[in-house]
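Here is what each chain is made of, one letter per residue.
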There are 2 protein chains.
Amino acid sequence: MPEFRQNMVSKEWVIIAPERAKRPDQFIQKKEKGNPLSSHRKDCPFCPGNESMTPPPVFTIERNGSWSLRVVPNKFAALQSHLTTERKHEGRFLKADGFGMAEVIVESPFHSRTIATMDLEEVRNTVLTYRERYLALSEVDRLDLITIFRNYGEKAGTSLEHPHSQIIATPIVPPHVRNSLYQSQLACDTFGDCIYCGMMEEELHQKVRVVKETERFLVLCPFASRSPFEIRIYPKTHHSSFATVSDRELDDLASVLQDTLKRLSIGLNDPDYNYIIRSTPIKDGEVKYHHWYLVIVPKLTTPAGFEIGTGIYINTTPPEQCAEFLRGVQTG
Amino acid sequence: MPEFRQNMVSKEWVIIAPERAKRPDQFIQKKEKGNPLSSHRKDCPFCPGNESMTPPPVFTIERNGSWSLRVVPNKFAALQSHLTTERKHEGRFLKADGFGMAEVIVESPFHSRTIATMDLEEVRNTVLTYRERYLALSEVDRLDLITIFRNYGEKAGTSLEHPHSQIIATPIVPPHVRNSLYQSQLACDTFGDCIYCGMMEEELHQKVRVVKETERFLVLCPFASRSPFEIRIYPKTHHSSFATVSDRELDDLASVLQDTLKRLSIGLNDPDYNYIIRSTPIKDGEVKYHHWYLVIVPKLTTPAGFEIGTGIYINTTPPEQCAEFLRGVQTG
């Protein structure tokens, strides 16, 4: 029987439709392994030796005298740092110059690695750099929201194979973000506590959607997953801003992020995915009603007209089944 | 220079980023024409002779003793009509049975046709049927929102080639729809008129985003287009519910819809697309603050982590360029 499920924060609905059911293992990607990527490519702007193909780095981590991670301004940035934030009217329309900052984190010198196959130290450097750049961009005047994300594979919107993440900082907090913050604020005003903390308590009680629990993090397939194998990684300690993440949490996050992406990669034969860190807007900082988290969205299905029209996603595979499948993947 | 543009109804922002520019003609699809589709396929559930592969029709249009259009309940419906709408708590989570109705409109007996290549009469039958089924489903108790949409091609989420549209009627108006209605209501409370009527006036004044104007419809690429070649078709007379569309409007809509999709198909070599009719919820009916329209979203780009995280779409091709390109396509 199909059912509607409500996302308790955004209040958007999904339809879990097992009548059209796909079992989790039907999402195993059919792509051939083919030749593994070479670990170095002459024409890759992110490979060692090609540093002149990118703008100079704003942050670097070195190991044995050469870089092991670089952060560079995005050469093809959608936003630029020399513009104004002034709103302008064009007749009845409203616009503003595209002020903002866009950076690329080159996570490893090795072209062929991914988060799932890197040294754990490289993953740790990556999440450490997320915090480093989050803090640095938080100091930039006129920026309001910092979005850290990773696009992996063509279906996830990237054509560059070399392992990298991105950061885009905008002078605008869009309704898409504000609406969820408003709802979680309303819930907090009503019930007195963080809706995410309450949700985690419930998930630990019900257990069926939990993929993994560590000392500091909880990994789960959310109740109202919009698509198969949506995964969220929540810190167990309440903090709303990613700026507050501690060294110990970063250590644990590196392990748990790698473990989760390994499960996805081994279980479904290396699917494309996006992940995003959702933090409060910079100036909101630490608040009682939001809880930062990382969301992973594998690109396994195609939203169609109904989803575009209503925002209601039809998901053919219950998150309980996806969590069970992911728990069963052997990563070692 | 990149710029932010605000959707005046949803208040969401887009980034028009010409630094990453793609010219309109770079979106011409590379797919080979190959063998044209045959006009009949033995294994297609929508081809004549295979009527037993679908549930019995709820509406039919005949011509010369055989059907030229059929509406059938969706055999793989995401929602079902025998369920309840009662909300249920599962711990802290909220859910409801998947009550609703889902229908498929088989628009032509010919497997190989599309809206762009059909007889105009078939397109007219299709939009006439949209109204017919809209009115019929409006009478069904407990339904609140009727969404009419068409998924064309694999990238748009359909695997069935045979020309068809879909209707899904839900007992829920989701926030995605409510938020825009609330904003247009607020604008109407503030300025006293329909924000869409005002926008059309402005577009006719600026002219740069207009693709075509007919007696009863205006076709344009919206100011804050989220992706290249987004197109909207607005009736010039103010009505908020698709239920009110007149016979004359339907005649004109058939021509203008076919003309628009021809421009897209000829200009960009038959790209995949979704289109959706956005009407008020059933019980809201005719109101001053909403204006029904049809939106066409060609599947030419891939939303990535930034879009998922912020709802801010990066669009590399200004709608002014897309409108100019579409105006220049020879359809005759």
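Residues numbered from 1 in each chain as written. Chains lettered and ligands numbered in written order. Predicted model: local features only at pLDDT ≥ 70, side-chain atom pairs only at ≥ 80, totals over all residues.

Visitor: Explain the overall build of chain A to me, using residue names and the numbers behind them.
Guide: Per the secondary structure count, chain A includes six helices and 15 strands. Rg of the C-alpha trace for chain A: 20 Å, near the compact-globule value of 20 Å for 332 residues, within the 12% margin. Counting only C-alpha atoms, chain A reaches 55 × 55 × 40 Å along its principal axes. For chain A, the share of sequence-separated contacts (at least 6 apart) that also reach a separation of at least 24 residues comes to 70%. (Helix = DSSP H or I, 4+ residues; strand = E, 2+ residues; numbered from the N terminus. Rg over C-alpha atoms; globule rule 2.2 N^0.38 Å. Contact = placed C-beta atoms within 7 Å.)

Visitor: Explain the environment of A:S112 to me, using residue names and the numbers behind them.
Guide: Residue and element names in this part refer to chain A. Looking at the secondary structure, you find S112 in the loop between strand 7 (101-106) and helix 1 (120-138). Among the residues examined, S112 registers 15 C-beta atoms within 10 Å and is labelled partly exposed. For the pair formed by S112 and T237, sequence separation is 125 residues and the distance between their alpha carbons is 35 Å. (Buried ≥ 20, exposed ≤ 12 C-beta atoms within 10 Å, placed from the backbone.)

Visitor: Please give an account of the interface of chain B and chain A that cites residues and values.
Guide: Counting from both sides, the interface comprises 66 residues of chain B and, opposite them, 66 residues of chain A. For the side of chain B that touches chain A, the per-class residue count stands at 32 nonpolar, 21 polar and 13 charged. Relative to strand 1 (residues 3-6) of chain B, strand 6 (residues 93-97) of chain A is paired through three bridges, and the arrangement is antiparallel. Note on strand 1 of chain B: the bridge partner recorded for A:K95 is B:R5. (Nonpolar A, V, L, I, M, F, W, Y, C, P; charged D, E, K, R; others polar. Pairing = 2+ DSSP bridges.)

Visitor: An account of the relation of the copies chain B and chain A is needed here, citing residue identities and associated values.
Guide: Laying chain B over chain A is done by rotating through 180° and shifting 0.0 Å along the axis; what remains is an RMSD of 0.0 Å. Both chain copies can therefore be described as sitting about a two-fold axis. Mapped onto chain A, 100% of the interface residues of chain B again fall at the interface, so both copies present the same surface. (Least-squares fit on C-alpha atoms with pLDDT ≥ 70 in both.)

Visitor: Which residues make up unusual backbone geometry, and what values go with them?
Guide: The phi dihedral of A:D270 falls on the positive side, at around 60°, and the residue is not glycine. The topology assignment puts A:D270 in the loop between helix 4 (247-268) and strand 13 (273-278). In this structure A:D270 comes out as partly exposed when scored by C-beta crowding, with 19 C-beta atoms within 10 Å. Positive phi, close to 50°, is recorded for B:N64, a residue that is not glycine. Checked against the element boundaries, B:N64 lands in the loop between strand 3 (59-63) and strand 4 (66-73).

Visitor: So what about the environment of A:P171? Which residues, and what values?
Guide: Mapped onto the secondary structure, A:P171 falls in the loop between strand 9 (164-170) and helix 2 (175-191). Taking the C-alpha atoms as reference points, A:P171 and A:R124, separated by 47 residues in sequence, lie 29 Å from one another.

Visitor: Break down the sheet that holds strand 15 (residues 313-315) of chain A for me, with residues and values.
Guide: Neighbouring strands of a sheet are bound in pairs by backbone hydrogen bonds; such pairs are parallel or else antiparallel. One open sheet holds the five strands; their spatial order is 15(A)-2(A)-1(A)-6(B)-5(B), and the pairing between them is mixed. Two strands close off the open sheet at either side, each with one partner strand: strand 15 of chain A together with strand 5 (87-90) of chain B. With direction set aside, neighbouring strand axes in the sheet form an average angle of 30°. (Axes fitted to C-alpha atoms, helices over the stretch in contact; angles between N-to-C directions.)

Visitor: Quick one: what's the story with the pairing of strand 8 (residues 145-152) of chain A, residue by residue and with numbers?
Guide: Residues and elements named next belong to chain A. Burial within strand 8 is extensive, with eight of its eight residues counted as buried. The side-chain alternation of strand 8 yields two buried faces, one formed by L145, T147, F149 and N151 and the other by I146, I148, R150 and Y152. Bridge count for strand 8 against strand 9 is five bridges, and the pairing is antiparallel. Bridge pairing in strand 9 links F149 to Q166. In the sheet, strand 8 pairs with strand 13 via five bridges, with the strands oriented antiparallel. Its bridge partner being in strand 13, I148 is matched across the sheet by I277.

Visitor: Give me the lowdown on the packing of helix 1 (residues 120-138) of chain B against helix 4 (residues 247-268) of chain B, citing residues and values where you can.
Guide: Between two packed helices, what matters for the description is the angle formed by their axes and the separation of those axes. Residue and element names in this part refer to chain B. Put simply, helix 1 and helix 4 touch, their axes get as near as 9 Å, and they point 120° apart. Between helix 1 and helix 4, the interaxial angle falls into the category oblique. Where helix 1 crosses over helix 4, the handedness of that crossing is right-handed. On helix 4, the residues that touch L120, V123, R124, V127, L128 and R131 of helix 1 are L250, D251, L253, A254, S255, L257 and Q258. Partitioning the contact of helix 1 with helix 4 into residue classes produces eight nonpolar, two polar and three charged. (Parallel < 35°, antiparallel > 145°, perpendicular 65-115°, else oblique. Left-handed = near helix turned anticlockwise from the far one by under 90°.)

Visitor: Tell me what's going on with the confidence of the model for chain A, and back it up with residues and numbers.
Guide: Predicted confidence across chain A gives a mean pLDDT of 95, with 98% of residues reaching 70 or more. Interface confidence in the predicted complex, given as ipTM, is 0.96; pTM for the same model is 0.96. (pLDDT = per-residue confidence, 0-100.)

Visitor: Mind laying out the sheet that holds strand 1 of chain B, listing which residues take part and the relevant values?
Guide: Reading across the sheet, the five strands line up as 5(A)-6(A)-1(B)-2(B)-15(B) and stay open at both edges, with mixed pairing between neighbours. Where the open sheet ends on each side, the last strands, each with one partner, are strand 5 (87-90) of chain A together with strand 15 (313-315) of chain B. The mean angle between the axes of side-by-side strands here comes to 30°, regardless of whether they run parallel or antiparallel. Relative to strand 6 of chain A, strand 5 of chain A is paired through four bridges, and the arrangement is antiparallel. Along strand 6 of chain A, the bridge assignment pairs A:K88 with A:K95.

Visitor: Outline helix 3 (residues 195-206) of chain A, listing residues and values.
Guide: Residue and element names in this part refer to chain A. Over its 12 residues, helix 3 runs 16 Å from end to end, which matches the ideal 16 Å to within 8%, given 1.5 Å per residue. Every buried residue belonging to helix 3 is among I195, Y196, M199, M200 and E203, and all of these are buried. Across the axial projection of helix 3, the buried residues extend over an arc of 135°, all falling on one side. The elements touched by buried residues of helix 3 are helix 2, strand 10 (210-213), strand 11 (217-220) and strand 12 (231-235). Positive backbone phi, at 70°, marks K207, one or two positions downstream of helix 3. (Expected span 1.5 Å × (residues − 1). Arc of directions from axis to C-beta.)

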